[in-house]
Amino acid sequence: MRVIETDFVIVGAGIAGLTAALWAAQHGEVIIITKDQAHNCNTALAQGGVAAAVGKNDSPELHLSDTLSAGAGACRPDAVRLLTGEAPQAIQTLLEWGVQFDFTETGELALAREGAHSLARVLHHGDNTGAEIWRTLYQKLQQTAGISLLPHTYALELSLNQGCCTGVLAEFQGEITHFSSRGVVLAAGGCGQIFGRTTNSSPSTGDGLALAWRAGAELTDLEFIQFHPTALDRGSNPLFLISEAVRGEGAVLVNSQGAKFMPAYHPMADLAPRDVVSRAIVQEQSEGREVFLDATALGAKFARRFPNIYRTLVGYNIDPLHQPIPVTPAAHFMIGGIKTDSWGQTNIRGLLACGETAATGVHGANRLASNSLLEGLVFGRRVALVLARLEHARPLPQPAEFPGAKALDPGDPRLTALQDTMWSKVGIIRDGHKLEEASRTLLELQAGAEDFELHNMLQVARLITSAALNRPESRGSHFRSDYPVSNLAWQHRHFVPGRFSA
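This structure is a prediction, so every number in the text was calculated from the model and none was measured. The residue numbers shown here count from 1 along each chain, following its written sequence. In keeping with the predicted nature of the model, local features appear solely for residues at pLDDT of at least 70, side-chain atom pairs appear and are counted solely at 80 or more, and the whole-chain, interface and lining totals rest on all residues. Where side-chain values are given, they derive from all heavy atoms of the structure, hydrogens and water being excluded.

**Description of the overall build of the protein**
Helix and strand counts for the protein stand at 14 helices and 20 strands. Here the C-alpha radius of gyration of the protein, 22 Å, is about what a compact globule of 502 residues would show, namely 23 Å. Projected onto its principal axes, the C-alpha positions of the protein cover 65 × 55 × 45 Å. To sort residues, take the accessible area from a 1.4 Å probe on protein chains only and compare it with the maximum for the residue type: under 20% means buried, over 50% means exposed, and anything in between is partly exposed. With 502 residues in all, the protein has 59% of them scored as buried. Here a helix means four or more residues in a row that DSSP labels H or I, a strand means two or more in a row labelled E, and each is numbered from the N terminus. Put simply, the radius of gyration uses C-alpha atoms, and a globule should come to 2.2 Å times the residue count raised to 0.38.

**Concerning unusual backbone geometry**
Looking along the chain, the bond that leaves Asn 237 and enters Pro 238 is cis, with omega of -5 degrees. Within the secondary structure, Pro 238 sits in the loop between β13 (225-232) and α7 (244-248). Non-glycine residue Gln 162 carries a positive phi angle of around 55 degrees. Within the secondary structure, Gln 162 is located in the loop between β8 (154-161) and β9 (164-172). On the accessibility criterion, Gln 162 (76% relative accessible area) is exposed. Non-glycine residue Asp 221 carries a positive phi angle of around 60 degrees. Of note, Asp 221 is situated in the loop between β12 (219-220) and β13.

**Looking at the packing of helix α12 (residues 413-425) against helix α14 (residues 452-469)**
Interaxial distance between α12 and α14 falls to 11 Å at its minimum, and their mutual angle equals 20 degrees. Classified by the interaxial angle, the pair formed by α12 and α14 is roughly parallel. Where α12 crosses over α14, the two elements pack in a sense that is left-handed. Here α12 contributes Arg 414, Leu 415, Leu 418 and Met 422 to the contact with α14, which in turn contributes Leu 454, Met 457, Leu 458, Ala 461, Ile 464 and Thr 465. Gly is placed with the polar residues, together with every amino acid not listed as nonpolar (Ala, Val, Leu, Ile, Met, Phe, Trp, Tyr, Cys and Pro) or charged (Asp, Glu, Lys and Arg). Of the residues that constitute the contact of α12 with α14, the class distribution is 8 nonpolar, 1 polar and 1 charged. For helices, the fitted axis covers only the stretch in contact; all axes are lines through C-alpha atoms, and the angles between them, taken along N-to-C directions, range from 0 to 180 degrees. Should an angle fall under 35 degrees it is called roughly parallel, over 145 degrees roughly antiparallel, and 65 to 115 degrees roughly perpendicular, with every other angle called oblique. Crossings are assigned a handedness: left-handed for a near helix turned anticlockwise from the far helix by less than a right angle, right-handed for a clockwise turn. Should any heavy atoms of two residues lie within 4.5 Å, those residues are considered in contact.

**Comments concerning the side chain of Thr 136**
Structurally, Thr 136 can be placed in helix α5 (residues 129-142). In this structure Thr 136 touches Trp 97, Gly 98 and Val 99, once residues within four positions along its chain are discounted.

**What to know about helix α11 (residues 372-387)**
Each α-helix winds once per 3.6 residues, and so residues spaced three or four apart point in a common direction. Helix length check: α11, at 16 residues, gives a terminal C-alpha distance of 22 Å against a target of 22 Å (1.5 Å per residue), a fit within 8%. Burial runs high along α11: 13 of the 16 residues are buried. The length a helix should cover is 1.5 Å for every residue beyond the first.

**A closer look at the nonpolar core**
Remark: nonpolar core denotes a set of buried residues (Ala, Val, Leu, Ile, Met, Phe, Trp, Tyr, Cys) joined through side-chain atoms within 4.5 Å. One finds Ile 33, Leu 158, Leu 186, Leu 418, Met 422 and Ile 464 to be the most contacted residues of the largest nonpolar core, which totals 55 residues. With 9 residues, the single largest contributor to this core is α14. Not counting the four nearest positions on each side in its chain, Ile 464 is found in contact with Cys 191, Ile 194, Leu 222, Ile 225, Met 334, Met 422 and Val 426. Of all hydrophobic cores here, the second largest spans 51 residues; its members include Ala 24, Ile 91, Ala 187 and Val 383.

**Some points on the pairing of strand β10 (residues 175-180)**
Burial analysis of β10 places 5 of its 6 residues in the buried class, the great majority of the element. The pairing of strand β1 (residues 2-5) with β10 spans 4 bridges and is parallel. Paired with Ile 4 across the bridge in β10 is Phe 179. When DSSP finds two or more bridges between a pair of strands, those strands are recorded as paired. Between the end of β9 and the start of β10, which pair antiparallel, lie 2 residues, with Gln 173 showing a positive phi angle near 55 degrees.

The structure is reproduced here in structure tokens:
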């Protein structure tokens, strides 16, 4: 077995992973491993922007209040206060590094409003904000000494020695390689690909969650999966996202009868929290009505403000200036994940997590729009500060016969069955009977699954299903038709012990 020694290993090359790497490089050598091309990540798909209290009438306290309100009583207030308090400095750092946010004609940062925000606070670069931020971070990474980025490198297992994480076992250049380090950061993104409809990039299969759980790391809040209300109802996974910012600019949801239905579901109507809007759309669909996003009132402004969305829609023969856009909810963001403290530390010494893979408690039961990119920036920096303090620890030898990763077959019927099961039974509206059926189906599918990626997906799907079964109430993005109201007795986080936990 080949051994490569370094100071820090980061699994994942999205906004959280690259941010952590850039700050960690001040304290040691960094190796980033990612199973696909580096740019194939959810960060590069993010359209709307990044939320931060930088406007004249805004404040971190108001941003805190909105985040807590959207989180439906399940946020960690101290973590949210860190997130919103450090947001302005994170934006200033991005500007210094070269991110080209949009500005107004008077020279101020242009701010958009999105669902559940009490005012406009979302910074953007057209409708390609994530791609612009990722490009800037990647460019800075190339100019920073001591960072190596290894694409097409598949993380297989975490290595442990006396309760300490001392590296990552991965398939690199066709050979099992042990990346030995004094600190490991899991920033591997979400798990949207386990669902039949998702906006997530193809590598989003929950690998980070599975790696951590098998090593004994505690997970939390897995029942909270955010479904974005407005994915384009055309094509296959990943479905193209129609940014919430489109509704922020004045677009409205209508059904096939032409009715604006959201005022009947929530006082904030089309700018209600995402879980409310998603369930409203599902209700309309269940009653036989198609759902559309009508942006025709924006006129020519649509093409100027959302050039990428406009070009994509035209490619589907949809003219958003003159006709409504067919939309459907889709799995979008893993709110739960690896339990961490406010510094990204897990219950395993030397193992940290940040970004969508982590569960810091900032999102509660329903993430506030455009807080995801912010989370990667704030906590990516914080984990790097912890890495700087880690002592050098060398691992025990790993078994040379460790098997390699068998490539995922997109045509595997088990993959289709997994995605269909999760979408139909563990999706936007759940109940105990469907969840129990899903649990049995997933167990059957996992038997004999040799493909490492599919095995990870099934493992994570089973954990999510179990967590949904074990929360007998509705809260935020977790809705049970058999327990349709929130229960104060369940206004707490739900922890899942790691496989090897005592």
